[in-house]
Structure formats: structure tokens, C-alpha cells
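# What the coordinates show
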Amino acid sequence: MSLEIDHVTKRFAATTALDGLTFTVPQGEVFGFLGANGAGKTTTMRICLGIIRADGGEIRWDGRPTADLPRGTWGYLPEERGLYPRMGVLDQLVYFGSLYGLAPDRARRDAIGWLERFRIPELAGRRAEELSKGNQQKVQFIAAVLHDPAVLLMDEPFTGLDPVNLILLRGAFMELRDRGRTLIFSTHQMEVAEAMCESVAIVDHGRLVAGGLVRDLKRASGRRTLRLAASGDLAPSWLSELPGVESVRQDAGGAELELLPEADPAVILAAVVAHGVMVTRFEVAEPSLEAIFIEHVGRSADDDTTLAPRAAAAPLSAGTAA
Amino acid sequence: MAGRDPLLPNAGIVARREYRDRTRSPLFLAATFVLAVLAMLAALAPIGMRSLDRQTVTRIAVVSGDAALAQRAVGLVDSVLNVPPNGVADPGWKPPYSVEIATDAARADAQLASSRLAGILHLERLATGQLDVSFRTFEGPASARSQLLSLAAFGIGVIDWSARLPPSDARTQFLVPTYRVDTVNLATDAGKALSPLQATSRAFLAIVFVVLLLISIVIYGMWVASGVAAEKSSRVMELMISAASPRQMLAGKVVGIGAAGLTQYLAIAAPALVLLGFQDRIATAVLGPDWAAGSQFVGLTPQLLFGYGVFFLLGFALFALIYAAMGSFVSRPDDLQTLSLPLSLVAMVGYLTAIVAIGGGGGAWVTFASFVPPFSPFVMLARIMVSAVQPWEVVLSVVLLVAGIALVAVAATRMYAAGVLLYGQRPGIRAFVAAARRV
């Protein structure tokens, strides 16, 4: 059982939103759908939900076209968050649950269970307009999962959450995954995707530019990240001049160097020591998901401007992200 | 998925939420109360008009080529029409009729046409000596006043005959005067003539109904549009579009808000109907038995209320669908006023045509507009209230209206489905068309 996005194309006037997008999401996974703004993530989700129609291609769940699936197959947490401002929290959860086919009594019981799980049972009778943004977000998440959908589509679910709520939401993700639910979410926060997703699809300009298991993507990259801490000068100006170093990111603990495939860490270590710096940490790691994203898209997910020429964008057809 | 989703139960769930949201608002309750009071005043309008009529003097003119005959007629008509209550003229009693000689027949006709005269009694002596009496009036021959004047005509004939008897013992044969009623601009109710008072009260009520219809359609239509716009601006629409199809949402909104409107309508109509049930007693209490007895109050009837209900529901459905589609194209409720203006103007055209119809004008355009949506709810309602309309005309108007609603529903659903996904774009015809093609 899997969700298959099969050569889906969608045009809006002169703009091509999706250009033969193809990938597969296995059942029971937490799947990251990554891309910069305008890459086509929301359009893909809306086509899954039947809100808009694809111009070409097909989306299937368990081999059945989405048009043949009941609406309750899906749960959707949109990027644009909103609730009925003057309606009580529990009332609107029951309302949305009823629209997905839940009996009101069961919707009420399950909604109270979710509110307790998110530590906000006292908000059941409050109007949505009285809630903080984070609590509104939790209520919206409950509205999306209350009917226990097989596939949960979420557009930027972690945006605006404080660390405590982030942990709560991650816990809910894992619990749903363990119950066999398939979770697909888009995000700009690569570290979150890296921590939670077994597989990802990276899209750019409506096409898949990289996809599959995260560990496979890292291996295939051939790049490595060198984490360096030292007492002394770790200025990017000279670090970036070292042989095999592609880019340098400095932080409070030291510097993170993205290495080219042909780089030799031992040569770099020798160069740093020769610079007169006392090295306290030297770690060669796989590249971060963000580095892979930049490698394929040419810019970070938060950046709307292109920093480098676009990576080769031939549709991929192998692996988990087909 | 959207295309094959059945309307129920989701449309019903949406409708229930919309209904509760509206009917529980303080504004709804306040507006219902005010409109109910207005409807009760409308129900009492005929009694009020009759009460006013009681305090005014009704003028009857007598026209004859024979001045002496005219003089005799004035005296007799005055004695027949101005009968004090219980036969006793109290000091405070004021005769309700003024009977006067009109020497200029053309001027009298003009005064009749402008309602300054209630009628003109024409007297002519034929070559045989028989009197020919005709009464020109807005009323039909069956009205109480026309009947009283037929008695007066006989009396005038007797007095005239006796006044012209020769001094000798020779006798001329008495010929009973001929009497007829010439009605002008006769208003009818199901083929039955209406008195000027009744016709006036009916026209007044027609205006009240058409105004209520306009207000209801525009206000409830704007409820629909603003509800959609609010869902967009609060972004809850994003959750809704995945939970229910556009068809379900649109139908639910229109039905839910329409039901709220119908609730308000029933709350308004019920007390008015109760007043109608006690109309005779109220009239007797207010006007006294002499003025209330035998009077026919044809203002607000259950049939007219039913007609109003039908045209309200159908008219609302038609306009609400378009309002919903418009509401889906604005990102902020503030933009709604501008976008809804053309639709409000269309409703105004229907309303103004109905007002023209109530005044008896408009001719072919009024007839045409009474069949064509979106004008027909206003204009056919007006025609029903003030003139004789054939049953097939009403049926045809309703059938065309229902067909129009079906067509508009298809287009509105498509526009709604497209519009709810548009954010941050200026609403316009081009955006409507482009977005509808994208879905």
C-alpha cells in the first residue's frame, strides 16, 4: 500500500506548477515533502484532496485513483491556519469530525481525548479567538486527525510552535505512524525533516529533483560535513580557501564546513593546525539534509532567491521516491 | 472527489451550523422584532385607512343639464348617504359625504380621475320623461355605496315625477329610472371588484411586501457572501475545502441561511396572521359596528403571505447563490461591498419595476419582467397583489425561476470552488473566469 504521485502535471495560465511530478510514499511512513516557496507542494496536496484537478497524470492510494476514494481517507492541515473565531473549540472539532463522517458523540469523545493529549482540555469550551496561536495550531491539527485518516497531509505543521509544543506534535506524529498511518508534511525546517522522516521528496519548479530514503540521499551525495571547534581564529574567510571546502557556516560552537566529494579531511586538519589554531573538535559527518537540498535546488528552502544554477532536474524514477 | 460527493449529510451539517450561527446572534433577534412590529402595522393598515376614511368627507358630484333636477338629486342623495348612527344626529356627528352639483362635467371627470371625487352621478331626462341615472366610480356595482345610490336614483325619479306633475288632474305615467354603474380603473381580487379603499390598502401592502422582499434578499444574500468571505479571511476555508465539497458547502450555506431567513419570516408573519384572525373584532373595537360591519378587509391575506413566502424563498435562493460565488472571490469582507454592488443594483431594478407595477404602469416591460429571473420574484409578487393575474402566469413565472436557480447553481458552484482558493487577488470578471477554468 502506498501513495503514488504519477507524472502529475498542473498549469495555472502561463505558470507550470507541476511538471510531471513523480514519487511514491510508502504506507506507515513519516514523509518529508521539501521545496522552496512555489515549488508545487501545496498544489500537489490540493490535487490529492480533490480540491483542484490535475491537467495530466494521476495520484493513487492503494492503487485506487484519488477520485475513487472517500473524503475521509485524507486529513489535511493547511499552511494557512484558521478556525471559526466565535465558535467553541469542542463545537468546531465535532463539526469537522461530523463532516468527515464521525458520529457527533464519537467526535466529541475523541476530540476531548486529543485535547487532553495536547494538554489543553480546559480550552474545550473556549472560543477559538480566545486561544493563543500555538493552541489554535494544535486544535487545527486535531481537526485534521480526528477522523483517523489513512493519509495525513500537512503543510508546514511545525511553523510557529514553541519547543514544548513541537515535542508534543512530534510525539503525535510518531504515534500515528506506529498505528500505520501515513504522514506527509512539507517544511522549511530541514533539521525537523531530518529528525523525523525516513524518506523525503525534494521538489523544485514542479519537478522532483531528489528523493528516496534520507540515508540513501546522503550516501549518494558523496559530500561530507566537517564540524570543527577550536580555540583561535575560525573565520570563514580563510577556512573557505582550504582545499576541498565548498562552504563554511560559522556558529557559536565553531564552524561547519561542507566538503566537496574529493576533499581529504586529513589535509584540511593539517592546514588548520598549521594556521596556529588549537583544535578541540574534529568530526566528519554525513551531509545535512539542508546541504543536500541546497545541492539539488541551488538555494536553501527559506531563500526565495536562486544562489546557484539550478541542479539537474531530470525526474527521478527509482527508489522510494520514484 | 468533489463532483461525486453526495449533498447529504455534509450539506445538512453545514446548514445546521450556519442556521445556529445566525439565529443565535443578538442582531438577528433585534431585526426580527422590528420587522414583526412592521408586519403587524401592515396587517392593521386597512383598519387604519378605514379609520382615517371615517374622519374624512367623501365627495360625490351630481351632473345634469337640468339645474332643478340636479338640486333635487343633491338633497335626496344627501339624505340617503348621510344617515347618522342610530338615526340620531349628535352635535359632534359629521356627515361623511358631501354631495354637490358639478356644472362642468369635464372638470368633474378630472377630479374623479385624481380621486378628489369618489363618484359622479349623471342624470339625464329622456324624451319619454324617464330618468337615466349613471354612477361613475372606482367601485363595482355591488358596493354598498353603488347599491345605496340605486335607491337614491329611484327616489330622485319619484320626486322629479311628482315635481313635474301638471296642475290639472291629468296624470302622466311614472317610469322607473334606469340606473347603472360605470366603473373606471377597477382593481380586482380574483375577479371580484375592490373598493378604492381596498385597492389602496392592497397597493400599500404590495409596496411593504416588495420592500421587505428587497431588504430580505439583499440582507440575507449579504449574510451568505459575508459568511463565505469571513471563512476565507479567517482561513478556516482551508480546513473546510478538504472536509466538504464546494457543492456541499454552497448548498449548506444557502439552505442554512435561507432557513434562518425563513425563521425570521415566520416570526414576522405569525403575529400578523394572528391579527388578521381577529381583524373583525379589532375593526369593531376601533371603528365601531357601523363602519366595521360588512366591510371587507383585503389587505394581508394568508394567500398573499404564502405567495410572499414562495417568492422570498425562490428569490433568495437565486440571489444567495450568486452572492456566495461573489463572497468566495474576496479575501477581505471589506471588498464585499464593492463587489456586491452590481448584484444589489439588479435587485433594485426588480424592485423599481415592481413599484411601477403597483402604480399600474410599466405595460409590456412589467409583464415581461414578471416572468424573467432575477426580476420575477419582485414583479410577479407585485402583480399578484394589485391586479388580476392568471394562474398559468404565476406557474410559468415560478417554473422559469426554478430553472434559473438550477442554472445559476451550476455556475455558482464552479465559481465558488475556484474563488475559495484565491487569495490576495483583486476580484474581477477576469479573475472569475480564469479561476473557474482552473478547477
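Residues numbered from 1 in each chain as written. Chains lettered and ligands numbered in written order. Predicted model: local features only at pLDDT ≥ 70, side-chain atom pairs only at ≥ 80, totals over all residues.

## A short note on the overall build of chain A
Put simply, the test is: Secondary structure elements are defined from DSSP: runs of H or I of at least 4 residues count as helices, runs of E of at least 2 residues count as strands, and each element is numbered from the N terminus. Counting other C-beta atoms within 10 Å of its own, a residue is labelled buried from 20 upward, exposed at 12 or fewer, and partly exposed in the gap between, with every C-beta atom placed from the backbone.
For chain A, the count of helices and strands is ten helices and 14 strands. Projected onto its principal axes, the C-alpha coordinates of chain A cover approximately 70 × 45 × 35 Å. Considering chain A as a whole, with its 322 residues, one finds that 43% of them fall into the buried category.

## Some details on the sheet that holds strand S5 (residues 64-65) of chain A
Residue and element names in this part refer to chain A. Our working rule: Pairs of strands are assigned from DSSP output, requiring at least two bridges between the strands. Any residue pair is listed as a contact if its two C-beta atoms, each placed from the backbone, are within 7 Å. A fitted line through C-alpha atoms serves as each axis, taken over the contacting stretch for helices, and the angle formed by two N-to-C directions is quoted from 0 to 180°.
Strand order in the open sheet made by the four strands is S2-S1-S4-S5, with antiparallel pairing throughout. Strands with a single pairing partner mark the edges of an open sheet, and in this sheet they are strand S2 (15-26) and S5. Across the sheet, helix H1 (residues 41-49) is in contact with strand S1 (2-12), S2 and strand S4 (56-61); its angle to S1 comes to roughly 115°.

## Some remarks on the interface of chain B and chain A
To keep it simple, the criterion reads: Polar here means any residue outside two lists: the nonpolar Ala, Val, Leu, Ile, Met, Phe, Trp, Tyr, Cys and Pro, and the charged Asp, Glu, Lys and Arg; Gly therefore counts as polar.
Across the boundary between the two partners, chain B contributes 19 residues, which contact 26 residues of chain A. Every element with two or more residues in the side of chain B that touches chain A is listed here: helix H1 (10-23), helix H7 (236-243) and helix H16 (429-438) of chain B. Here the element with the most residues in the side of chain B that touches chain A is H7 of chain B; it accounts for six residues. Its residues placed into classes, the side of chain B that touches chain A shows eleven nonpolar, three polar and five charged.

## Points about the nonpolar core
Basically, it comes down to this: Remark: nonpolar core denotes a set of buried Ala, Val, Leu, Ile, Met, Phe, Trp, Tyr and Cys residues whose joining runs through C-beta atoms within 7 Å.
Of all hydrophobic cores here, the largest spans 167 residues; its most connected members are Ala320, Ala324, Leu381 and Ala382 of chain B. In terms of nonpolar packing, the next biggest core, distinct from the first, is built from 28 residues, Leu112, Ala118, Ile120 and Leu123 of chain B among them.

## What to know about the packing of helix H11 (residues 302-327) of chain B against helix H12 (residues 336-358) of chain B
All names here are of chain B. To keep things clear, this is the line we draw: Every angle not falling under 35 degrees, over 145, or within 65 to 115 is termed oblique; those three ranges are roughly parallel, roughly antiparallel and roughly perpendicular. Crossing handedness is defined as follows: a turn of the near helix away from the far one that is anticlockwise and smaller than a right angle gives a left-handed crossing, while the clockwise case is right-handed.
Contact pair H11 / H12: the axes reach a minimum separation of 10 Å and the direction vectors enclose 160°. Taken together, the axes of H11 and H12 are roughly antiparallel relative to one another. The two elements H11 and H12 meet at a crossing, and its hand is right-handed. Of the residues in H12, those touching H11 at Phe319, Ile322, Tyr323, Met326 and Gly327 are Leu336, Leu339, Ser340, Leu343 and Ala347. Of the residues contributing to the contact of H11 with H12, the split by class is eight nonpolar, two polar and no charged.

## Some details on the environment of alanine 143 of chain A
You can see alanine 143 of chain A is positioned in helix H4 (residues 133-145). Alanine 143 of chain A sits in the buried class, given 28 other C-beta atoms within 10 Å. Counting along the chain gives 51 residues from alanine 143 of chain A to glutamine 92 of chain A, while the straight-line C-alpha distance between them is 8.1 Å. Not counting residues within four places of it along the chain, the set of residues in contact with alanine 143 of chain A comprises Leu93 and Phe96 of chain A together with Leu239 of chain B.

## With respect to the confidence of the model for chain A
What counts is decided by this rule: Confidence of the predictor at the level of single residues is captured by pLDDT, which takes values from 0 to 100.
Per-residue pLDDT for chain A averages 86, and the proportion of residues at 70 or more is 93%. In the model, residues 305-322 of chain A has pLDDT below 50 throughout and makes 48 contacts with residues more than four positions away in sequence or in other chains.

## Examining helix H7 (residues 214-221) of chain A
All names here are of chain A. Selection rule: An arc is given here, and it is the one of the directions from the helix axis to the C-beta atoms.
Among all positions in H7, only Val214, Leu217 and Lys218 are buried. The buried residues of H7 occupy an angular sector of 100° when the element is viewed end-on, so they sit on one face. Turned more than 90 degrees from where H7 packs its buried face, Arg215 and Arg219 sit exposed. Residues of H7 that are buried make contact with helix H6 (190-196), strand S9 (199-204), strand S10 (207-213) and helix H10 (289-297). In the segment just after H7, glycine 222 is the residue with positive phi, at about 75°.

## Considerations on the sheet that holds strand S3 (residues 119-125) of chain B
Residue and element names in this part refer to chain B. With mixed pairing, the five strands of this open sheet are ordered in space as S2-S1-S3-S4-S5. Since the sheet does not close on itself, it has two edges, and those belong to strand S2 (97-101) and strand S5 (178-183), each with one partner. The average angle at which neighbouring strand axes cross in this sheet is 20°, direction not considered. Across five bridges, strand S1 (residues 58-64) lies against S2 in parallel orientation. Across the sheet, residue threonine 58 finds its bridge partner in S2, namely tyrosine 97.

## Here we look at unusual backbone geometry
In this chain, leucine 8 of chain B is followed by proline 9 of chain B through a cis amide linkage whose omega measures 5°. Mapped onto the elements of the fold, proline 9 of chain B is located in the segment before H1. With omega at 5°, the peptide bond leading from proline 373 of chain B into proline 374 of chain B counts as cis. For proline 374 of chain B, the location among the structural elements is in the loop between helix H13 (363-369) and helix H14 (376-386). Although it is not a glycine, aspartate 62 of chain A adopts a positive phi angle of roughly 55°. For aspartate 62 of chain A, a count of 13 C-beta atoms within 10 Å gives the class partly exposed. Even without glycine at this site, arginine 119 of chain A takes up a positive phi of about 60°.

## Quick notes on the pairing of S3 of chain B
Here is the key point about a regular strand: its side chains alternate between the two faces of the sheet. All names here are of chain B. Inspection of the sheet shows S1 paired to S3 by five bridges, in the parallel sense. Each residue of the ladder has a partner; that of serine 64, found in S3, is leucine 123. Examined bridge by bridge, S3 and strand S4 (residues 131-137) share seven bridges and lie antiparallel to one another. Residue pairing for S4: isoleucine 120 is matched across the bridge by arginine 136.

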